[in-house]
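Survey of secondary and tertiary structure
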Amino acid sequence: PYFTDRDVTRGYVFRTIGRDDEQGQVAAKYVLKHGFKRVAILFNERDYGRSLAGEFAKAIKTSNALNKPPIVFYNMIQEGLTDYGSLLAQLSAYKPDVVFQAGECVDAGYIIKDFPKYGLEKTQYIGGDGIYHSDFIKIGGINTEGSLVVSAPPIRHKIFLEKYKKYFNEEPTGYSANSYDATNILIEAIKKTKEKDGEKIAIEVAKTMNFQGVTGLISFDSKGDLTSEGFVLNRVVNGKFKVVEDE
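The following paragraphs examine the structure supplied in this document. (Residues numbered from 1 in each chain as written. Predicted model: local features only at pLDDT ≥ 70, side-chain atom pairs only at ≥ 80, totals over all residues. Heavy atoms only, no water.)

Details of the overall build of the chain
What the chain contains, in helices and strands, is 9 helices and 9 strands. For the chain, whose C-alpha radius of gyration is 19 Å, the value lies close to the compact-globule estimate of 18 Å for 247 residues. Taken over the C-alpha atoms alone, the chain extends approximately 60 × 40 × 35 Å along its principal axes. For the chain, the proportion of its 247 residues judged to be buried stands at 45%. (Helix = DSSP H or I, 4+ residues; strand = E, 2+ residues; numbered from the N terminus. Rg over C-alpha atoms; globule rule 2.2 N^0.38 Å. Buried < 20%, exposed > 50% of the residue type's maximum accessible area, 1.4 Å probe, protein only.)

Focus on the packing of helix H8 (residues 176–193) against helix H9 (residues 198–206)
Between H8 and H9, whose axes approach to 9 Å, the crossing angle comes to 120 degrees. In terms of orientation, H8 and H9 fall into the oblique class. At the point where H8 passes H9, the crossing takes the right-handed sense. Only Lys200, Ile201, Glu204 and Val205 of H9 make contact with H8, whose side of the interface consists of Ile185, Leu186, Ala189, Ile190, Lys192 and Thr193. (Axes fitted to C-alpha atoms, helices over the stretch in contact; angles between N-to-C directions. Parallel < 35°, antiparallel > 145°, perpendicular 65-115°, else oblique. Left-handed = near helix turned anticlockwise from the far one by under 90°. Contact = heavy atoms within 4.5 Å.)

Looking at the packing of helix H2 (residues 20–33) against helix H3 (residues 47–61)
Helix packing geometry: the angle between the two helix axes and the distance between the axes. Two elements in contact, H2 and H3, have axes whose closest approach is 8 Å; the angle formed by their N-to-C orientations is 45 degrees. By the criterion of interaxial angle, the relationship of H2 to H3 is oblique. At the point where H2 passes H3, the crossing takes the right-handed sense. The residues of H3 that touch H2, namely those facing Asp20, Asp21, Gln23, Gly24, Gln25, Ala27, Ala28, Val31 and Leu32, are Tyr48, Ser51, Leu52, Glu55, Phe56, Ala59 and Ile60. Tallied by class, residues from the contact of H2 with H3 come to 9 nonpolar, 4 polar and 3 charged. (Nonpolar A, V, L, I, M, F, W, Y, C, P; charged D, E, K, R; others polar.)

Remarks on the packing of aromatic side chains
Under the defined criterion, the tally for this structure stands at 12 aromatic pairs. Between the aromatic rings of tyrosine 125 and phenylalanine 136, the centroid separation amounts to 5.6 Å while the plane-to-plane angle is 20 degrees, which identifies the pairing as stacked. Here tyrosine 125, found in strand S4 (residues 124–127), pairs with phenylalanine 136, found in helix H6 (residues 134–140); they are 11 residues apart in sequence, far enough to count as distant. For the pair tyrosine 125 and phenylalanine 136, one class covers both residues: buried. Note on phenylalanine 160 and tyrosine 180: the rings are 5.0 Å apart at their centroids and 50 degrees apart in plane angle, and the pair reads as tilted. (Phe/Tyr/Trp six-rings, centres within 6.5 Å; stacked < 30°, edge-to-face > 60°.)

Overview of the environment of glycine 35
Residue placement: glycine 35 occurs in the loop between H2 and strand S1 (39–43). Given the relative accessible area of 38%, glycine 35 is considered partly exposed.

So, the pairing of strand S2 (residues 71–76)
One ladder, built from 5 bridges, connects S1 with S2; its direction is parallel. Following the sheet pairing, leucine 42 is matched in S2 by asparagine 75. Considered for its hand, the β-α-β crossover made up of S1, H3 and S2 is right-handed. (Pairing = 2+ DSSP bridges. Right-handed = clockwise from strand over helix to strand, strands pointing away.)

Re the side chain of aspartate 20
Mapped onto the elements of the fold, aspartate 20 is located in helix H2. Ignoring sequence-local partners within four residues, the contact set of aspartate 20 consists of Pro1, Tyr48, Ser51, Leu52 and Glu55.

Digging into the sheet that holds strand S3 (residues 98–102)
Read across the sheet, 7 strands follow the order S2-S1-S3-S4-S5-S8-S9 without closing on themselves; strand pairing throughout is mixed. Edge positions in the sheet fall to S2 and strand S9 (240–243), since each of these pairs with one other strand and no more. Neighbour-to-neighbour, the strand axes of this sheet turn through a mean angle of 25 degrees, independent of strand direction. In the sheet, strand S5 (residues 148–151) pairs with strand S8 (residues 232–237) via 4 bridges, with the strands oriented antiparallel. Residue pairing for S8: valine 150 is matched across the bridge by leucine 233. Relative to the sheet, helix H4 (residues 85–93) contacts S1, S2 and S3, its axis offset from that of S2 by approximately 165 degrees.

Section: the environment of glycine 49
One can find glycine 49 in helix H3. Residue class for glycine 49 comes out buried when judged on its relative accessible area of 0%. Residues within four places of glycine 49 in sequence aside, it is in contact with Phe43, Asn44 and Ala102.

Concerning H3
Here H3 is 15 residues long and its end C-alpha atoms lie 21 Å apart, about the 21 Å a rise of 1.5 Å per residue gives. Residues Gly49, Leu52, Ala53, Glu55, Phe56, Ala57, Ala59 and Ile60 constitute the buried set of H3. Of the surrounding secondary structure, the elements contacted by the buried residues of H3 are H2, S1, S2 and S3. (Expected span 1.5 Å × (residues − 1).)

What to know about unusual backbone geometry
The backbone of lysine 95 shows a phi angle near 50 degrees, a positive value even though the residue is not glycine. One non-glycine residue, asparagine 210, lies in the positive phi region at around 55 degrees. Inspection of the secondary structure puts asparagine 210 in the loop between H9 and strand S6 (211–213).

Okay, here's the thing in structure tokens:
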């Protein structure tokens, strides 16, 4: 959130994705709604991991819910391992019924892959948007079934989907579509400005209102953040991500 909250960047930084505080609230809302009793949080050592984990924890702690669950485990993971047995042994001792992870898809796949070995097979897993990638399912295998992962809203633009699949031979995941929209918003601003003037181009980008992107209509608020919904929850069903509808 600090990225666009700073006065020094106001008018020069714009996002076609949501913020960590919004994402943390999406995941926390699910946890609170479903009455989980003991929450564990894992995060990587990057700014992204620290920020998202902190926002999720804050959303849990500041909620007005009557029965807020305690955060029983809050731990940074080492990236790049293929065996997280030591971490999972520690985690299982706290008997969490939900684990939220802010990190990357490969690490997440190796972590959830061994959940059953440490008595965590009935623990609900929720991953942040960095985990929304097919590699998470490929590595974690059958143990990813039923897990939840946050992502940007689904792409509705059929032509973009078809062209992307044809070119890359895979479904678009992560923020490929959002990057595409960001590029086109910038190109449109440059076309309208008709000058190599960063100030004028930034002013034009800031005027963006209901831009029809492949991710939907895009408008920016005074900070440069999206005014539309930034995230949805997905559940892994039969080896694929499926958007959770009113669950």
